[in-house]
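# Fold and geometry: a report
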Amino acid sequence: MRSETAVPVKLSEYTPTPYAIKTVDLDFNLAPDNTIVVARSAIEPREGTSAGTPLVLNGDELTFVSASVNGEALGEEAYAIGETTFTLKTPPAEPFTLEITTKLSPQANTKLMGLYRSSGNYCTQCEAEGFRRITYFYDRPDVLAVYTTRIEANKLDCPVLLGNGNPVESGDVEGTDNHYAVWHDPHPKPAYLFALVAGNLGSISEKYTTASGKPVDLNIYVEHGNEDRADWAMDSLIRSMRWDEKVFGREYDLDVFNIVAVSDFNMGAMENKGLNIFNDKYILADPDTATDADYEGIETVVAHEYFHNWTGNRITCRDWFQLCLKEGLTVFRDHEFSSDERSRPVKRIADVRVLKSHQFPEDAGPLAHPVRPDVYKEISNFYTATVYEKGSELVSMIKTILGEDGFRKGMDLYFDRHDGDAATIEDFIKSFEDATGEDLSQFALWYSQSGTPELTVATHYDDAAQTFTMEVSQKTRPTPNQDSKKPFVIPVRFGLVGSDGSDLAYAKVEGAEVRGNVLLIKEDAQTIVFHGVSEKPVASLLREFSAPVTLKSDVTLDEQLFLMGSDSDPFNRWQAAQTVATHMLIQMSEGSEPEGTSRFIAAIGKIAEDDALDMAFRALCLQLPTEGDIARELGSNVDPEAIYKARRTLRQKIAETLFDRFQSLYARVEPAKPFSPDAASAGARALRNSLLGYLAASGKADGAQIARDHFESADNMSDRIAALNCLVHERIDGYQQALVAFCDRHQKTPLAIDKWFVVQATDTSSDTLERVKELTNHPAFSWSNPNRVRSLVGAFVAGNQRCFNAADGSGYNYLSEITLKIDRANPQLAARMLNAFRSWRALEPTRRALAEEALRKISAAEQPLSPDVSDITERCLQ
Ligand code: TRP
Ligand code: ZN
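Residues numbered from 1 in each chain as written. Chains lettered and ligands numbered in written order. Predicted model: local features only at pLDDT ≥ 70, side-chain atom pairs only at ≥ 80, totals over all residues. Heavy atoms only, no water.

Another point: the sheet that holds strand β13 (residues 160–163). Pairing within the open sheet is antiparallel, and its 4 strands lie in the order β10-β11-β16-β13. Both outer strands of the open sheet, β10 (114–118) and β13, are each paired with one neighbouring strand and no more. Averaged over all pairs of adjacent strands, the angle between their axes in this sheet comes to 15°, without regard to strand direction. (Pairing = 2+ DSSP bridges. Helix = DSSP H or I, 4+ residues; strand = E, 2+ residues; numbered from the N terminus. Axes fitted to C-alpha atoms, helices over the stretch in contact; angles between N-to-C directions.)

Here it is in structure tokens:
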């Protein structure tokens, strides 16, 4: 590896800075290649700092211009500029003002961290360590300062000038073509929450009044011409604000709340104080270009960033090890919001699918890390499914254990106690302990131990004694740097389902604590006895997926099919269907004929037609486990080709068997007109499009015709893209014309063309890789735009298991090539793509060797690697 090995940062080595920064006045004079930043900071030694201790600030790719202390220019002997530091050798012993001038080139900033340009507009991204690319500073979350920002730019190029906090002043700069604006944010904040936007943007506005009567101006800024596509985001914002008042008692705290949508962005969005900046994918929607999933994504991400105002901004993190303190908690809050706005069980199933498909594989492979890591080399690589999704599950388990009231008391105490703090996970846990008297010390292991616990349950019913016994054990496999683990507290929501489908009563329980319908498992192994159980029950365990564990139980195939049709918990009905299908698919992939196929298909047909059930739920039950789900369940010696074939075979079998019934159901499910993105209408479309998938996969001429008609008659993107998927992936006559028609229709809408890229990149035919390479030359594609790269290349490496894992290693080689290519411009994006290797060790030997070779090609590359890419490569190969 050409790059120097980065020094690991350790949680155990945390120390506060020797100096505090109380206020910062920033002055920006914006120009594409020559932006001047003057940062004036009021600095004072912290208690205990000995006089003259050097002040060492962070910097990254900055051009230093000058510095002064208390108005006096510094001589060269007074400071030192390193590759990543500015050192003031002997600071005054009393509070002082440090002024530093730096020069930047936003135009040349391709990393999309710090100050950069997107479609000609200026914007910033500072989390986690981007502020140091703007000026020398204590770029860490435990240094909280009050920011005032003056922005000056050309009036014509940048009519809009936005900063954090409230606007205080604006006007023309005499004798120039420039104007300026001053923003002041009264809430002390860490540097990562700083933001600035300047450009030529359109906007939509609303007025909001908080529960206590405070008026707030809401604005969403977009590129001109997109104003009409921001209404749903605004609607989502207003609903989020109301919900946080009602459910968490949290109000907004500034006079304005601004959102800006930009088209070049590394992640989903960013919660900068009073000035959220979004990937435009999570703002822009209209029926013709956005799917129901897009509408839902917008609602979720707008809510997420808004909720950060309390969980992240008012209470921030002491250090980046505590990232889940804001991210896990805020994901939990946005999940709760969506559950309240839509169907709770449907939302839960969707969230668990994400958890299992992204977090479980991460936790089972070389990139596994605790929800609160204790060491990192590159913090950008820790914005992971583990920190976000598993982090959210941990908060959810706290709620399950403490109950609704206990949870709210703990949250209230946390807000009360830590408002204005840079806090830790210990602070968070302590708030729940102090509010409820519960001892959460064993629970805290969830934050420090990585890996997914495997819960095994064996049951026995004793007729004569009327007892139902569960032998429960837990085991967590070794993960990087963690060979053995202590047992977790696992809250298992459960029911003992009787033959009529309702939960049986029991007299008492021995061997475990039960709270309501939650069993608290705490030991490596324990025997739990339910007394007074009148008939042999089927145990429905982990209802609502009450803990992020895998479950192995002795529930038989017949019992699973029974739960699938009768469990009172919709989540477990869905889970039972998944469990049965996974089991069958594994057998099929190993070349054997599974038992129960026809009964499973019958049960699927019954759920599909059950009008008493939510249509979105029925659609979810129609989805077979993904190829990734099956690979994960196998865990080792994975042959993606065999898995692909098994899944394809079962899908076709369902399609053939249920064709007539699905066809009439398809005709019967008519979503309401005109188009509305609400959950019920979206559910109807989801069910109809799932049925369409089967009809098209049946190989029957009628199915093909329905798919063509569906495409032609679609009046919204959900239907159009679902049909295009079928046409292309099933190679139905007319698919090429459909691809052309789609591209023509949407050529002016990059976010819609992204879907066109995804359809082609996820096609499983053998020439897909060639097609992907060709499409990188398409005029709509750009290597510098993360959304384009994720849609074409990302969809191929992460969403096309069959072709990415081609037996000749071509997919792996392509990933190493493009990783190196992207790394030169945008290391964060390159490292994301590289995550597709996270399960390489679970592959069968031939592919494993090819994947390893491709990874080694990266580490042996001539070009210097970014810390981001070298960190992932090293950990994958470790
Ligand atoms: N804090 C952002 C969130 O809400 C995450 C984020 C946005 C981010 N942009 C980033 C993280 C860039 C790292 C780098 O989840
Ligand atoms: Zn977040």
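An order of β29-β30-β27-β32 is seen for the 4 strands of this open sheet, with the pairing classed as antiparallel. Either end of the sheet is taken by a strand with one partner, and the two such strands are β29 (513–515) and β32 (538–541). Neighbour-to-neighbour, the strand axes of the sheet open up by a mean angle of 35°, direction not taken into account. Pairing between strand β27 (residues 490–497) and strand β30 (residues 518–521): 4 bridges, direction antiparallel. By the bridge assignment for β30, I490 is matched with I521. On top of the sheet, helix α5 (residues 385–418) reaches β27, β29 and β30; it is set at about 60° to β27, its chief contact. (Contact = heavy atoms within 4.5 Å.)

Protein-derived coordination of the zinc ion (ligand 2) comes from H304 (NE2), H308 (NE2), E327 (OE) and E327 (OE), at a distance range of 1.9 to 2.7 Å. Coordination at the zinc ion (ligand 2) is irregular: its 6 donor atoms span angles of 48 to 160° at the metal. Spacing between the donor residues of the zinc ion (ligand 2) along their common chain follows H-x3-H-x18-E. With H304 in helix α2 (residues 292–307) and E327 in helix α3 (residues 323–341), the pair connects residues that are 23 residues apart, well separated along the chain. (Donors = N, O, S within 2.8 Å, 3.2 Å for Na, K, Ca; no water. Tetrahedral: all angles 85-135°; square planar, octahedral: opposite > 155°, others 65-115°.)

Let us now look at the packing of helix α1 (residues 231–248) against α3. Between α1 and α3, the least distance of the axes is 11 Å, while the angle of their chain directions is 105°. In terms of orientation, α1 and α3 fall into the roughly perpendicular class. Where α1 approaches α3, its residues S236, R239, S240, W243, D244, V247 and F248 are matched on the opposing element by F332, R333, E336, F337, D340 and E341. Counted by class, the contact of α1 with α3 contains 5 nonpolar, 2 polar and 6 charged residues. (Parallel < 35°, antiparallel > 145°, perpendicular 65-115°, else oblique. Nonpolar A, V, L, I, M, F, W, Y, C, P; charged D, E, K, R; others polar.)

Attention now goes to the environment of P867. Counting through the fold element by element, P867 comes out in helix α26 (residues 867–877). Each C-alpha atom, one on P867 and one on E327, is 23 Å from the other, the two residues being 540 residues apart in sequence.

Where burial is concerned, the two faces of β32 agree: the one with V538 and S540 and the one with A539 and L541 are both buried. Two strands pair when backbone bridges link them, and β27 and β32 are joined in this way by 4 bridges, in the antiparallel orientation. Note on β32: the bridge partner recorded for V497 is V538. (Buried < 20%, exposed > 50% of the residue type's maximum accessible area, 1.4 Å probe, protein only.)

Right, let's get into the pairing of strand β15 (residues 178–189). With 9 of its 12 residues buried, β15 lies for the most part within the structure. Relative to β15, strand β12 (residues 145–154) is paired through 9 bridges, and the arrangement is antiparallel. Looking at the pairing, A153 lines up with H179 of β15. Examined bridge by bridge, strand β14 (residues 166–172) and β15 share 6 bridges and lie antiparallel to one another. In the strand pairing of β15, N166 is matched with H184. In textbook terms, the turn of a hairpin is the stretch between consecutive antiparallel strands, and for β14 and β15 this stretch comprises 5 residues, one of which, G175, has a positive phi near 75°.

With that out of the way, let us pick up the environment of V38. In this fold, V38 is placed in strand β3 (residues 35–45). In the structure, V38 is positioned 61 residues away from E99 in sequence and 6.8 Å away in space, judged by C-alpha atoms. Ignoring anything within four residues of it in the chain, the contact list for V38 reads D25, L26, D27, E99, I100 and T101.

Our focus in this paragraph is the domain arrangement of the protein. Each assigned domain of the protein is listed here: domain 1 (316–448) and domain 2 (454–543). The straight-line distance from the C-alpha centre of domain 1 to that of domain 2 is 25 Å. Contact residues are listed per partner, giving 14 residues for domain 1 and 14 residues for domain 2. Together domain 1 and domain 2 conceal approximately 1200 Å² of surface at their shared face, both sides included; 60% is due to carbon and sulfur atoms. Interface area lost by domain 1 to domain 2 is led by I401, Q442 and W446, which between them contribute 43%. (Domains from an automatic or database assignment. Buried area = accessible area lost by both parts, 1.4 Å probe.)

Running from N to C, helix α19 (residues 750–761) and helix α20 (residues 768–775) cross one another at 155°; their axes reach a closest spacing of 9 Å. Put simply, α19 runs roughly antiparallel to α20. Taken together, the residues of α20 that come into contact with α19 (itself represented by W756, F757, Q760 and A761) are T768, R771, V772 and L775.

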